[in-house]
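Structural characterization, general
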Amino acid sequence: MTNNDKHAGMANAIRFLSIDAIQKANSGHPGLPLGAADVATVLFSKFMKFDPNKPNWPDRDRFVLSAGHGSMLLYSLLYLLGYEDIDIKQIMNFRQLNSKTAGHPEHGHAAGIETTTGPLGQGIANAVGMAIAERKLANEFGDEIVDHHTYCLVGDGCLMEGISQEAITLAGHLKLNKLIVLWDDNQISIDGPISITDSTDQIARFDACNWTTISIDGHNPDEISNALEEAQTSDRPVMIACETTIGFGSPNKAGTSSAHGSPLGDDEIALTRKALGWDSKPFKIPEEILDDWRIIGLRSSQKRKEWEKRFCTLDAEITGEFQRRMRGDLPTKLETGIADYKRQLAEDKPKKASRQSSQMALEIINGIVSETIGGSADLTGSNNTKTSHTQSITPDDFSGRYIHWGVREHAMAAAMNGMTLHGGVIPYSGGFLIFSDYCRTPIRLAALMGIRVIHVLTHDSIGLGEDGPTHQPVEQLASLRAIPNLLVMRPADAMETAECWQLALESHSAPSAIALSRQALPAVRTEFDSENRCVCGAYELSQASDNAQVSIFASGSEVEIALEAQEQLETEGIPARVISVPCFELFQAQSNSYQSNLIGVAKVNIAIEAGVRQGWDHIIGRDGIFIGMNSFGGSAPAGDLYNHFGINVQAVIKAAKTKLE
């Protein structure tokens, strides 16, 4: 058997496992696995560094299938290589309930799936983040510990999505030479030829973004191998344009959009078997071909063993720190550091915008947690995300801990997902809350994956003032709270801000969004408490003098209004209490008894938040009073806007008295 015959057999194993699984499911995308099988075969058999027996070892190469609709390509590879999580039953149960082989790859379902992809373009930005993390850790721990590549397979759709431009310009600027993108250049999308929607010269585009570009025949194993070999020595990120035929081997559907997103059909599969000389029945791989794949999996483990041997000879303090960070454990000193900081806050009682309080908390955190990597989407001075410990990362110096993402919110959020998935770093970003809309898809995917990513979202209400309604978030808090498994925190002062940061860092299985004010906020927590009071999501901040007739719930900057209203109501003989609600999600995670006891039985429930009502009825009930926004904001000083929209003490007093009458 010649090398080309061997390659063809191995590539065809990917093809027929894929199309048979898709046919059995009567759902899926056969075009990409058929077309990209040659590229994947060369990549995994000759270049990828991995170990199916220890799939999460830190110095493995990462493979990201950005074109996630072609998921059967990845599942077939994992089965053929001997990954335990993907056996032939999982292949046969493609797209079925509770199978590990979901319609699009989902991180956490099976080893070897490095990230969740499906929304096009997310994967290439994830890959940029992984390459950033690799470069950063290599700078910090040395290439004896960290020295691997990130490979990313993209389709035409990935490159049409706007996020791809943000991602590739950033990667080119940072000279991420360990990033290799393989473009499945088949010139077909769902609607038909790419020519009906796009005429971009992708090679020229990547060249202009400071990438090395290589063009090859994506069905020629020698050209694929030579290109990948050349890519290893580049001083810039590399894009290999692999000209392929979508649905390769299908006599009637190859090269057409009909091969993209529907099963080929039994008759066409039979013809494809004949065309490619594949005699095996569905889900049966010839023994010699399966052995060839499994040998690759076993051979790859040798590099992992060499790494472990080398790792054991290094300084124990360095290796211990590296292992801690890859596990995601926080330094033991953090809890004490936060407690000491809270004692100082109780003494100082600072009146600061919560964005400034966040920076103060980060000054403590970044001095203890060496793996935090800060950043901002060109709003560093406004987001207050940079501290004395976080010098800037530059293309030629990765010793810093701060990324200037530029005006690239979408790619920033997706790259942060990739950084976290890589391991060893904890990324946090900076942006305006209004621009969280640009970040929504990667935030949602972080929540779906259950990973620790922290978004600092400042200028959180009409309180930002004169910039006006284009920049004033109204519905954004409710919109973010609608995402399952996302912690949306809105602290009321410096003490709560510190506690929210602690919770975000300790949240290993959910991302966090911390909404922070532009305007100064008084200290509402003036006593030291060793407990993190924000951990329950809501708590009684100020008790009523007697059985409360009015319960006032508020978050963030509106807690100040709630306390002033309580004081006036108490003066007028109306007992009132104030409940701070920094995080809906943590509150709703508490027991029913905690929630009902905290909500209480007052005759009047009032919520105050400079946003829309959505979500508050869980706390105040449908007959509760909401004081907030039901329209867009306006351009004026913050105080004028609060009064104009009726978010003030007078409105609370009037509403409470009217309800009590």
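In this report, the structure presented in the accompanying data block is examined. (Residues numbered from 1 in each chain as written. Predicted model: local features only at pLDDT ≥ 70, side-chain atom pairs only at ≥ 80, totals over all residues. Heavy atoms only, no water.)

**Details of the overall build of the protein chain**
- Each helix and strand in the protein chain was counted, giving 25 helices and 20 strands.
- Computed over its C-alpha atoms, the radius of gyration of the protein chain comes to 28 Å, within 12% of the 26 Å expected for a compact globule of 661 residues.
- Dimensions of the protein chain, computed from C-alpha atoms along their principal axes, come out at roughly 95 × 55 × 45 Å.
- Going through the 661 residues of the protein chain one by one, you find that 61% of them count as buried.
- Within the protein chain, residue pairs in contact and separated by at least 24 positions form 77% of the contacts whose partners lie at least 6 positions apart.
- Summed over its atoms, the accessible surface of the protein chain is roughly 25000 Å², and 47% of this surface lies on carbon and sulfur atoms. (Helix = DSSP H or I, 4+ residues; strand = E, 2+ residues; numbered from the N terminus. Rg over C-alpha atoms; globule rule 2.2 N^0.38 Å. Buried < 20%, exposed > 50% of the residue type's maximum accessible area, 1.4 Å probe, protein only. Contact = heavy atoms within 4.5 Å. Areas by Shrake-Rupley, 256 points an atom, 1.4 Å probe, with all protein chains shown as cover.)

**Some remarks on the pattern of salt bridges**
- Under the definition given, this model contains 26 salt bridges.
- Across the pair Arg325 and Glu140 runs a salt bridge, and its minimum N-O distance is 2.5 Å. In this pair, Arg325 sits in helix H12 (residues 316-327) while Glu140 sits in helix H5 (residues 122-141), placing the two residues 185 residues apart along the sequence.
- Under the relative-accessibility criterion, Arg325 is labelled buried at 3%.
- Put simply, Arg327 and Asp329 hold a salt bridge, and the shortest N to O gap is 2.8 Å.
- The exposure class of Asp329 is partly exposed, given its relative accessible area of 31%.
- Connected through salt bridges with shared partners, the residues Asp460, Arg481, Arg490, Glu558 and Glu609 form a single ionic network. (Salt bridge = Lys/Arg side-chain N within 4 Å of Asp/Glu carboxyl O.)

**Thoughts on the pairing of strand S6 (residues 212-217)**
- Burial of the side chains of S6 is restricted to one face: Thr212, Ile214 and Ile216 are buried, whereas none of Thr213, Ser215 and Asp217 on the reverse face is.
- By the bridge criterion, 6 bridges tie S6 to strand S7 (residues 238-243) in an arrangement that is parallel. The partner of Asp217 across the bridge, within S7, is Glu243.
- Tracing the backbone out of S6, into helix H9 (residues 221-231) and back to the parallel element S7 gives a crossover that is right-handed. (Pairing = 2+ DSSP bridges. Right-handed = clockwise from strand over helix to strand, strands pointing away.)

**Observations regarding the state of the cysteines**
- Tallied over the full model, the rule gives 0 disulfides.
- Between Cys536, a cysteine without a disulfide, and Cys534, which holds the nearest cysteine sulfur, the sulfur-to-sulfur distance is 9.7 Å.
- Unpaired in terms of disulfides, Cys583 finds its nearest cysteine sulfur in Cys500, a separation of 7.2 Å. (Disulfide = S-S within 2.5 Å.)

**With respect to the pairing of strand S17 (residues 550-554)**
- Most of S17 sits inside the fold, with 5 of its 5 residues counted as buried.
- What you see with S17 is no split at all: Val550, Ile552 and Ala554 on one side and Ser551 and Phe553 on the other are buried throughout.
- Inspection of the sheet shows S17 paired to strand S18 (residues 576-580) by 5 bridges, in the parallel sense. When the bridges of S18 are listed, Val550 appears paired with Ala576.
- Crossover connection from S17 via helix H20 (residues 558-571) to parallel S18: handedness right-handed.
- Bridge count for S17 against strand S19 (residues 604-608) is 5 bridges, and the pairing is parallel. Paired with Ala554 across the two strands is Ile608, which belongs to S19.

**Focus: the packing of aromatic side chains**
- Enumeration according to the criterion identifies 15 aromatic pairs in this entry.
- Judged by centre distance (6.1 Å) and plane angle (65 degrees), the ring pair of Tyr75 and Phe94 falls under edge-to-face. In this pair, Tyr75 is assigned in helix H3 (residues 71-81) and Phe94 in the loop between helix H4 (88-92) and H5, connecting sequence segments 19 residues apart.
- Residue class for Tyr75 comes out buried when judged on its relative accessible area of 0%.
- Judged by centre distance (5.0 Å) and plane angle (90 degrees), the rings of Phe206 and Trp211 are edge-to-face.
- Each member of the aromatic cluster is reached from another via a ring pair, and the members are Trp57, Phe141, Trp307, Phe311 and Phe322.
- Geometry around Tyr79 places Arg294 over its ring, the cationic atom sitting 5.1 Å from the centre. (Phe/Tyr/Trp six-rings, centres within 6.5 Å; stacked < 30°, edge-to-face > 60°. Lys NZ or Arg CZ within 6 Å of the ring centre and 35° of its normal.)

**A closer look at the nonpolar core**
- Counting 119 residues, the largest nonpolar core has Ile132, Leu228, Ile240 and Trp293 as the members making the most contacts within it.
- Leave out the neighbours within four places in its chain, and Ile132 touches Leu170, Leu174, Leu176, Phe398, Ile403, Trp405 and Met419.
- Counting 63 residues, the second largest nonpolar core, distinct from the first, contains Ala492, Ile574, Cys583 and Tyr642. (Core = buried A, V, L, I, M, F, W, Y, C linked by side-chain atoms within 4.5 Å.)

**Details of the packing of helix H14 (residues 354-368) against helix H19 (residues 494-506)**
- Direction vectors running N to C along H14 and H19 enclose 55 degrees, while the axes themselves pass 9 Å from each other. Classed by the angle they form, the pair H14 and H19 counts as oblique. In this structure, H14 meets H19 at a crossing whose hand is right-handed. Along the contact surface, H14 presents Ser354, Ser357, Ser358, Ala361, Leu362 and Ile365, while H19 presents Ala494, Thr497, Ala498, Trp501 and Leu505.
- Its residues assigned to classes, the contact of H14 with H19 shows 7 nonpolar, 4 polar and no charged. (Axes fitted to C-alpha atoms, helices over the stretch in contact; angles between N-to-C directions. Parallel < 35°, antiparallel > 145°, perpendicular 65-115°, else oblique. Left-handed = near helix turned anticlockwise from the far one by under 90°. Nonpolar A, V, L, I, M, F, W, Y, C, P; charged D, E, K, R; others polar.)

**Details of the side chain of Arg525**
- With respect to the helices and strands, Arg525 occurs in the loop between strand S15 (520-521) and strand S16 (539-542).
- According to the relative accessible area criterion, Arg525 is buried, its value standing at 5%.
- If sequence neighbours within four positions are ignored, Arg525 has contacts with Asp493, Met495, Glu496, Glu499, Arg533, Tyr539 and Leu541.

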